[in-house]
Amino acid sequence: MDLNNTLSFFGKQLKLDTEEEISKVIDQIRKHLNLEVLDFRGNTLSVLAGKLIAESLKTRRELKECIWSDMFTGRLKDEIPLVLDALGEALTASGCRLTTLDLSDNAFGAGLSTSLYNFLQSPALYSLENLILNNNGLGLAGKTVGKALCSLIDASKKAGTPLKLKKFVCGRNRLEVESTIALSDAFIKLGTLEEIRLPQNGIRDDGIIALAEAFRMNKKLRIIDINDNFCCPEGAIQISEVLSDLQFIEVLDLGDCVCDDPGVLAIIAELDKINRDCLKKVVLSGNNITSDVIDEIGACFNSPKMCHVKVDISVNMFGKDFDSAKARHGKGNIDFGRRGDDELLSSDEEEEQGAEDASMEEDAFNTSRETVIDRSNLHEASADEMMNDLMNKGFGCMKIEDNQQNSNGNGMVSFLDKSLKLDTAESAEPVVKVIAAASSMKALELRGNTLGIAAGNVIAKALESHPELERCLWSDLFTGRLKNEIPPILEALGKAMMTAGCKIKELDLSDNAFGPIGADALKDLLESPSSFSLEVLKLNNNGLGIGGKQIAKSLTECLRKSIAVGGENRLRLKTFIAGRNRLENPGAHALAATFKALETVEWFDVRQNGIHEEGIRALVAALKHNRNLRYLWLEDNTVLPKGAKALAKTLESWPKLEVLNLSDCLIRDAGCNYIIDHLNPQHHRHLKNVYLCGNELTPPVAKLLIQKWSKFDGLTPKPVLHIHTNSFGDEFSDVAGMAPENVNVGDEDDDLGSLDGDQEEYNSKSSDSEDADLDDDDEDDDEEAEIQIIDNGESQLKLAMDRIDRLDIDFESRFQEDTARVILQLSAPLKSCKMSEPALQRAIEVAENIVRRVESVKRNPIPATTQLVNNIVAQCAGTGVKTLQAETDWGYGADPQVISRLFSELVARGHFKLELALLQRFFPSQ
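Residues numbered from 1 in each chain as written. Predicted model: local features only at pLDDT ≥ 70, side-chain atom pairs only at ≥ 80, totals over all residues. Heavy atoms only, no water.

### A look at the overall build of the chain
Right, on to step 1. Check the secondary structure of the chain and you find 34 helices and 28 strands.
Right, on to step 2. The 926 residues of the chain split such that 57% are buried. (Helix = DSSP H or I, 4+ residues; strand = E, 2+ residues; numbered from the N terminus. Buried < 20%, exposed > 50% of the residue type's maximum accessible area, 1.4 Å probe, protein only.)

### Focus: the nonpolar core
Nonpolar side chains in soluble globular proteins generally cluster together in the buried interior.
Right, on to step 1. The biggest cluster of nonpolar side chains holds 110 residues, and the ones touching the most others in it are Leu444, Trp474, Leu507, Ile551, Phe576, Phe604 and Ile723.
Right, on to step 2. With eight residues, the top contributor of residues to this core is helix α17 (residues 486-500).
Right, on to step 3. Contacts of Ile551, omitting those with residues within four sequence positions, involve Ala519, Leu522, Leu526, Leu537, Leu539, Leu544 and Phe576.
Right, on to step 4. The next biggest cluster of nonpolar side chains, apart from the first, holds 106 residues, and it includes Phe187, Ile224, Cys231 and Val282. (Core = buried A, V, L, I, M, F, W, Y, C linked by side-chain atoms within 4.5 Å. Contact = heavy atoms within 4.5 Å.)

### Considering the pattern of salt bridges
A pair can form between side chains of opposite charge whenever their charged atoms are brought close.
Right, on to step 1. The final tally for this structure, using the stated rule, is 44 salt bridges.
Right, on to step 2. A salt bridge links Arg216 to Asp245; the nearest nitrogen and oxygen atoms lie 2.9 Å apart. Here Arg216, found in helix α7 (residues 205-217), pairs with Asp245, found in the loop between α8 (232-240) and β11 (251-253); they are 29 residues apart in sequence, far enough to count as distant.
Right, on to step 3. Among the residues examined, Arg216 registers a relative accessible area of 26% and is labelled partly exposed.
Right, on to step 4. Of the charged contacts, one joins Lys688 and Glu658 as a salt bridge, the two residues approaching to 3.2 Å between their closest N and O atoms. Remark: Glu658 occurs in the loop between α23 (640-650) and β25 (659-661) and Lys688 occurs in the loop between α24 (668-678) and β26 (689-691); sequence separation between them is 30 residues.
Right, on to step 5. Note on Lys688: relative accessible area 21%, which makes it partly exposed.
Right, on to step 6. Put simply, Glu194, Glu195, Arg197, Arg222, Asp225, Glu250 and Lys280 are held in one network by salt bridges that share partners. (Salt bridge = Lys/Arg side-chain N within 4 Å of Asp/Glu carboxyl O.)

### Structural notes on helix α32 (residues 864-875)
Right, on to step 1. Taking 1.5 Å of rise per residue, twelve residues should cover 16 Å, and α32 covers 17 Å from first to last C-alpha, within 8% of that figure.
Right, on to step 2. Counting buried residues along α32, twelve of its twelve residues qualify, which places the element largely inside the surrounding structure.
Right, on to step 3. Among all positions in α32, only Ala864, Thr865, Thr866, Gln867, Leu868, Val869, Asn870, Asn871, Ile872, Val873, Ala874 and Gln875 are buried.
Right, on to step 4. Residues of α32 that are buried make contact with α29 (819-825), α31 (837-855), α33 (896-908) and α34 (916-922). (Expected span 1.5 Å × (residues − 1).)

### Comments concerning the environment of Thr192
Right, on to step 1. Examined against the element boundaries, Thr192 turns out to sit in the loop between α6 (176-190) and β9 (195-197).
Right, on to step 2. A C-alpha to C-alpha distance of 6.9 Å links Thr192 and Lys220, two positions 28 residues apart in sequence.
Right, on to step 3. In contact with Thr192, other than residues within four places in its own chain, are Leu163, Lys164, Leu165, Lys166 and Asn218.
Right, on to step 4. One polar contact links the side chain of Thr192 to the main-chain carbonyl oxygen of Leu165, over a distance of 2.7 Å. (Polar contact = N/O pair within 3.5 Å; in protein donor to acceptor, adjacent residues only side chain to side chain.)

### Details of the sheet that holds β26
Right, on to step 1. Strand order across the open sheet formed by twelve strands is β15-β17-β19-β20-β21-β22-β23-β24-β25-β26-β27-β28, with parallel pairing between neighbours. The open sheet has two edge strands, β15 (412-414) and β28 (743-744), and neither has a second partner.
Right, on to step 2. Judged from the three bridges that link them, strand β19 (residues 471-473) and strand β20 (residues 506-508) form a sheet pairing that is parallel. When the sheet's bridge partners are listed, Arg471 is paired in β20 with Glu506. (Pairing = 2+ DSSP bridges.)

### What to know about the packing of aromatic side chains
Right, on to step 1. Under the defined criterion, the tally for this structure stands at 13 aromatic pairs.
Right, on to step 2. For the pair Phe9 and Phe40, a centre-to-centre distance of 5.2 Å together with 10° between the ring planes defines the contact as stacked. On the criterion of sequence distance, the pair formed by Phe9 in the loop between β1 (6-8) and β2 (15-16) and Phe40 in the loop between β3 (37-39) and β4 (44-45) is long-range, its members being 31 residues apart. Exposure class is identical for Phe9 and Phe40. Each is buried.
Right, on to step 3. Residues Phe318 and Phe336 carry aromatic rings whose centres are separated by 5.6 Å and whose planes lie at 55° to one another, so their mutual orientation is tilted. Here Phe318, found in the loop between β13 (310-312) and α11 (322-329), pairs with Phe336, found in the loop between β14 (334-335) and α12 (346-349); they are 18 residues apart in sequence, far enough to count as distant.
Right, on to step 4. Taken together, the ring pairs in this structure connect Phe318, Phe322 and Phe336 into an aromatic cluster.
Right, on to step 5. One residue, Arg204, lies across the ring of Phe230, its end atom 3.9 Å from the ring centre. (Phe/Tyr/Trp six-rings, centres within 6.5 Å; stacked < 30°, edge-to-face > 60°. Lys NZ or Arg CZ within 6 Å of the ring centre and 35° of its normal.)

### Details of the state of the cysteines
Right, on to step 1. For the structure shown, the criterion picks out zero disulfides.
Right, on to step 2. Summary of cysteine pairing: Cys472 is not part of a disulfide, and the nearest cysteine sulfur, belonging to Cys502, is at 7.0 Å.
Right, on to step 3. For Cys472, a relative accessible area of 0% corresponds to the buried category.
Right, on to step 4. Classification of Cys502 by relative accessible area gives buried; the value is 1%. (Disulfide = S-S within 2.5 Å.)

### Some thoughts on the environment of Ile334
Right, on to step 1. Within the fold, Ile334 resides in strand β14.
Right, on to step 2. Put simply, Ile334 and Ile297 are 37 residues apart on the chain and 9.2 Å apart in space, counted from C-alpha to C-alpha.

### As for the side chain of Asp605
Right, on to step 1. Mapped onto the elements of the fold, Asp605 is located in strand β23 (residues 603-605).
Right, on to step 2. Among the polar contacts listed, one links the side chain of Asp605 to the side chain of Arg607, at a separation of 2.6 Å.
Right, on to step 3. Setting aside residues up to four positions removed in sequence, Asp605 forms contacts with Phe576, Ile577, Ala578, Gly579 and Trp633.

### Considering α11
Right, on to step 1. Of the positions making up α11, those classed as buried are Phe322, Ala325 and His329. Seen end-on, α11 carries its buried residues on one side only, within an arc spanning 70°. (Arc of directions from axis to C-beta.)

### Overview of the sheet that holds β13
Right, on to step 1. Read from one edge of the open sheet, twelve strands run β1-β3-β5-β6-β7-β8-β9-β10-β11-β12-β13-β14, paired in parallel fashion. Looking along the sheet, the strands with just one partner apiece sit at the ends: β1 and β14.
Right, on to step 2. As defined by bridge partners, β1 adjoins β3 across three bridges and the pair is classed as parallel. Bridging from a neighbouring strand, Ser8 pairs with Asp39 of β3.

### What about the side chain of Asn541?
Right, on to step 1. With respect to the element layout, Asn541 can be found in the loop between β21 (536-538) and α20 (547-565).
Right, on to step 2. According to the relative accessible area criterion, Asn541 is buried, its value standing at 19%.
Right, on to step 3. Among the polar contacts listed, one links the side chain of Asn541 to the side chain of Asp511, at a separation of 3.1 Å.
Right, on to step 4. At a separation of 3.5 Å, a polar atom in the side chain of Asn541 contacts the side chain of Arg580.

### Examining the packing of α20 against helix α21 (residues 584-598)
Right, on to step 1. Close contact between α20 and α21 brings their axes to 8 Å; oriented N to C, the two are set at 15°. Put simply, α20 runs roughly parallel to α21. The element α20 and its partner α21 pack so that their crossing is left-handed. Taking contact as the criterion, the partners of Gly548, Lys549, Ala552, Leu555, Thr556 and Leu559 in α20 are, on α21, Pro586, Gly587, Ala590, Leu591, Thr594, Ala597 and Leu598. (Axes fitted to C-alpha atoms, helices over the stretch in contact; angles between N-to-C directions. Parallel < 35°, antiparallel > 145°, perpendicular 65-115°, else oblique. Left-handed = near helix turned anticlockwise from the far one by under 90°.)

### Some words on unusual backbone geometry
Right, on to step 1. Note that the residue after Thr716, namely Pro717, is joined by a cis bond; omega there is -5°.
Right, on to step 2. For Pro717, the location among the structural elements is in the loop between α25 (699-709) and β27 (720-722).
Right, on to step 3. Positive phi values are uncommon outside glycine, yet Glu599 reaches one of about 70°.
Right, on to step 4. Inspection of the secondary structure puts Glu599 in the loop between α21 and β23.

### Looking at the environment of Gly547
Right, on to step 1. By secondary structure assignment, the location of Gly547 is in helix α20.
Right, on to step 2. The exposure class of Gly547 is buried, given its relative accessible area of 3%.
Right, on to step 3. Counting along the chain gives 31 residues from Gly547 to Pro516, while the straight-line C-alpha distance between them is 4.0 Å.
Right, on to step 4. Not counting the four nearest positions on each side in its chain, Gly547 is found in contact with Pro516 and Ala519.

Here it is in structure tokens:
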């Protein structure tokens, strides 16, 4: 992609409210000579900003790519349609012909259907090739997108420019069946798609059947990704039957689709009929595959015609046969994953940690593996039939225990994923009867249904007779409900539990998208005596926003009240999960104050919340007081090296730490180095996994980290360091070759390419690591290269200056022996801008800062400054010298002329008096 044709505001965190702020953006748009790509990711547009920016786009006929994901953070839903309308009208007025439109991570929801439909009717989209709508909370609005695409197809044909969409991405949108069918209708009309990605959408039965037919009609499909939906064996068979029509397929991702053995066998049987030279990757992880079929899988993919295909069959059910199966078939292209991830082994091997730990880990991902009733036809049954089925067979994992027979009284009533639409009191009657029939109901699971106000009231009334209730598993409970419907239901349920005198231990309200008003509705419950016993609170993916401050306030009040009561009543919250909630820095600061006082948290997860370094530092300072912390998930926030440094210094406070996830946090080389240096095998003996994926980690530092990770070799089992999806580029094989079994560098397909060279390119992600591209297609690399703000002729200078500044920041993480690396790295940006005077002066400042610090270190018999020069000489191209300090090539390829100029300037400033002869020998210009 030509950066001169690109204007990017990516990650600038601009809050465009005032005319002064907006005018700066508009000036850049107007001054840009050839604006083909406009990137607004990571900012927030007000209505005024949207209208003024739209006005500036009306003359930009050359515009081709609109990268407009994550640009409404903190905006009200009634503001977003006004901006969309203005931008859509501007695109039409400009006469441009877009090829790429990315509106991901904007939380449109079903309420924006009209504006979204109108936007997708613009003639500017007749030329569209890539449409990306990831993580928008579409729900039933997915039907609107499907209908809009059908209308767009018809209109474009009528205009003589038929739509030829190639790539459609719509993951994590709760599309379920109706929306999927509507989209499939559009796909069938298109027939031009090459890539379809619909992961994590709750798609079942009829939706999978519709998709299979859509796949068949798009003969040039290269990538199919429906990871984490419900294919089940029947759906997998439907998909297998169309594979022979898809002769260009490269990637087939059916991970976590519950295909079971029959579905997997059907898939691999039909893969034999496609063009196997095209096929690159097949994902079958998490599909309940047993050892009964492993030989068939091995025979298929280890065959000469398929051995080039990478196959993921991790997290399945091989049990005691895992080792022998891996020995037979796992030596080549088949990835079995880690032994501890096997579904039949993990629970046995972790048994010593206690049932509570196992429960926490399973529930963190809102999964249930105990449902035993056939659910396939439940939506068609009458209330009486459903009631009979419940009473005759038991409902899901429901255990209604008689306390006289079982003193534990650990009964669960589960309506897991029954797809019940409970609108009226009458429709909820079967549920109420089951609750009433339970003599001891310690857990109530309502996930995967939809609850209206009237039904919620009668269910709440039924709860008043169950003071023994401890676990409320109520995630994904309001699909299709309006936001103003949800608070009254939450209030009714909370009031019922308070009336009953329940002592709640677990409250799971994840995936309910109730926003700040939902947080307000939980206030009374969270501050009541019923919550003094709360140990697990899960509020994942609820769009809390500023509501996060209310949650923090309520927990603080709960703690205060519980301490006032005294005794065993003190709030001892152990698990807090609130990922994907737009908490940002204000929410992080509020939570920090709460958790500093709590001191009991063991599992803390606030991934993907737009929290920046300041908020991270506040959280880390608070969590320092929670010495039993075992799991810390900060993934996909903006931690930066300074945030990582603060975290690293706090690691010693957590001797029980097991998992640390800092993936996609932009902590870069410096931050990764901080973290690894401060993890101590004597102190962190429980460590299992450290994730540093997607952090722009470069090959030299990756190699250094791999060496340092060997300090954990004495632990059994050895903890695993995850560093995949970084920036190893051409050196991927070298890094992978160094990595032992407990360092995961991932696949070369997923590597994001080198950051070294004449220009710096950051790596783009449409949502999070869960949606990273699986293949190495060059077109995808071009489409998803992250772009810097370009100011025409000054682009290389700006990139060089930015890079030099980063090296100055990164220096803080270096050991004295590594200071040479920073000076060597100054070569590339200086060379790229032809040693422009401003860049050279800034680089000299950075280098002199380093040299001064090295001079302050007293070493004998060889001074620290001499060691620094030795390392640079050994690593600088053309000197032909290798020293004991640097026996291997660090890979920087530093230009000797650039390094010579730096040394010349530093000598002129009075440095390197002892090394002058050495410098003159190897850099004759001295």
